[in-house]
Amino acid sequence: MFIVLLRFSQNKAQAAAFMDGHNEWLRQGFADGIFLLAGSLQPGLGGALIAHGITRDALEARVNQDPFVAENIVSAEILDIDPKKTDERLSFLLN
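Residues numbered from 1 in each chain as written. Predicted model: local features only at pLDDT ≥ 70, side-chain atom pairs only at ≥ 80, totals over all residues. Heavy atoms only, no water.

A. Looking closely at a nonpolar patch on the surface. A surface patch of nonpolar side chains, amounting to about 330 Å² of accessible area, comprises L36, L37, L90 and F92. Judged by its relative accessible area of 36%, F92 is partly exposed. (Patch = residues over 30% accessible without salt bridge, like charges linked within 9 Å, V, L, I, M, F, W, Y side chains within 5 Å. Areas by Shrake-Rupley, 256 points an atom, 1.4 Å probe, with all protein chains shown as cover. Salt bridge = Lys/Arg side-chain N within 4 Å of Asp/Glu carboxyl O. Buried < 20%, exposed > 50% of the residue type's maximum accessible area, 1.4 Å probe, protein only.)

Put into structure tokens, the structure is as follows:
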């Protein structure tokens, strides 16, 4: 399981120009079953994702395809988490 932090860079003002592409990238990640959650970092710091069922290398490649990352609107940090215990509702993360 991975947490991806997408923190705004100096180019934050250009986000609107690439929002459609970023949203399509998010839609594709959910459609592919890779993204489990996406949301905003508050207050207005960027975004975060939870990803599952993908290797780190494949996730890095996918993250680099995000127009926000490609255009340096955000910088991406990928945190690799090896789940050991979960609430039963998240037990699928242990597989």
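B. Broad picture of the sheet that holds strand β3 (residues 46–51). Strands sit in the order β2-β3-β1-β4 across an open sheet of four strands; the sheet is antiparallel. Looking along the sheet, the strands with just one partner apiece sit at the ends: β2 (35–41) and β4 (74–80). Pairs of neighbouring strands in the sheet enclose a mean axial angle of 15 degrees, with direction left out of account. Two strands pair when backbone bridges link them, and strand β1 (residues 2–8) and β4 are joined in this way by seven bridges, in the antiparallel orientation. Looking at the pairing, R7 lines up with S75 of β4. The strands touched by helix α2 (residues 56–64) are β1, β2, β3 and β4; relative to β4, the strand with the most contacts, the crossing angle is about 165 degrees. (Pairing = 2+ DSSP bridges. Helix = DSSP H or I, 4+ residues; strand = E, 2+ residues; numbered from the N terminus. Axes fitted to C-alpha atoms, helices over the stretch in contact; angles between N-to-C directions. Contact = heavy atoms within 4.5 Å.)

C. Examining the pattern of salt bridges more closely. Taken as a whole, this structure holds six salt bridges when the rule is applied. The shortest N-O distance in the salt bridge between R7 and E77 comes to 2.8 Å. Taken together, the residues R7 in strand β1 and E77 in strand β4 connect sequence positions 70 residues apart. R7 sits in the partly exposed class, given a relative accessible area of 39%. Residues R62 and D32 are paired through a salt bridge, measuring 3.0 Å at the closest nitrogen-oxygen approach. Residue R62 is located in helix α2, and its partner D32 is located in the loop between α1 (15–31) and β2; the two are separated by 30 residues in the primary sequence. Since its relative accessible area comes to 38%, D32 is described here as partly exposed.

Function cannot be inferred from these measures alone, as they are strictly geometric.
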